[in-house]
Amino acid sequence: MTEAVLKSGNPAVAQPTPIPLRELMPWIIFGGLLLLLAIYFVGAEEGATSLVPGMYVHEFVHDGRHLLGFPCH
Ligand SMILES: [Zn+2]
């Protein structure tokens, strides 16, 4: 039904404007870096690779570690 409306050429129907990949790329890279940072804190923020002293970060993301299958205890 939606395709029929879009193909009808009715000017009252709003058409979605495509977003060029060139404009999306910085946000894709930024989101990827945030995901890598989240994976680091969930998976490697412990022991020798720990940036934050203590077990605060480990305990905060502990359920996420088990959910994603990272070895813990
Ligand atoms: Zn655990």
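Residues numbered from 1 in each chain as written. Predicted model: local features only at pLDDT ≥ 70, side-chain atom pairs only at ≥ 80, totals over all residues. Heavy atoms only, no water.

1. Looking at the overall build of the protein chain
Then, number 1: Helix and strand counts for the protein chain stand at four helices and zero strands.
Then, number 2: Along its sequence from the N terminus, the protein chain presents helices and strands in the succession α-α-α-α.
Then, number 3: The buried share of the protein chain, taken over its 73 residues, is 11%.
Then, number 4: Here the analysis covers contacts within the protein chain between residues at least 6 apart in sequence; of these, 17% occur between residues at least 24 apart. (Helix = DSSP H or I, 4+ residues; strand = E, 2+ residues; numbered from the N terminus. Buried < 20%, exposed > 50% of the residue type's maximum accessible area, 1.4 Å probe, protein only. Contact = heavy atoms within 4.5 Å.)

2. Focus: the side chain of H62
Then, number 1: Summarising the element assignment, H62 is placed in helix α4 (residues 62–68).
Then, number 2: Here H62 falls in the buried class, since its relative accessible area comes to 18%.
Then, number 3: Those residues in contact with H62, other than ones at most four positions away along the chain, are C72 and H73.

3. Some remarks on the confidence of the model for the protein chain
Then, number 1: Put simply, the protein chain has an average pLDDT of 84, and 86% of its residues get 70 or more.
Then, number 2: At the low end of the mean pLDDT range in the protein chain sits helix α1 (residues 2–7), at 56; at the high end sits helix α2 (residues 21–43), at 94. (pLDDT = per-residue confidence, 0-100.)

4. Some words on the side chain of R65
Then, number 1: Within the element layout of this structure, R65 appears in helix α4.
Then, number 2: Among all residues touching R65, those that are not within four sequence positions of it are V42, G43, A44, E46, H58, F70, P71 and C72.

5. Considering the environment of H62
Then, number 1: Considered as a pair, H62 and G43 are 19 residues apart in the sequence and their alpha carbons are 9.4 Å apart.
Then, number 2: Only 3.1 Å separates the side chain of H62 from the side chain of H66, close enough to count as a polar contact. (Polar contact = N/O pair within 3.5 Å; in protein donor to acceptor, adjacent residues only side chain to side chain.)

6. Thoughts on the packing of aromatic side chains
Then, number 1: Scanning the model with the defined rule gives two aromatic pairs in all.
Then, number 2: Aromatic pair Y40 and F41: ring centres 5.3 Å apart, planes at 70 degrees, arrangement edge-to-face. (Phe/Tyr/Trp six-rings, centres within 6.5 Å; stacked < 30°, edge-to-face > 60°.)

7. Details of a nonpolar patch on the surface
Then, number 1: A grouping of I19, L21, L24, M25, I28, I29, L33, L36 and I39 is seen on the molecular surface, where their side chains present a nonpolar patch of about 860 Å² in accessible area.
Then, number 2: Within the secondary structure, L33 is located in helix α2.
Then, number 3: Overall, the relative accessible area of 53% leaves L33 in the exposed class. (Patch = residues over 30% accessible without salt bridge, like charges linked within 9 Å, V, L, I, M, F, W, Y side chains within 5 Å. Areas by Shrake-Rupley, 256 points an atom, 1.4 Å probe, with all protein chains shown as cover. Salt bridge = Lys/Arg side-chain N within 4 Å of Asp/Glu carboxyl O.)

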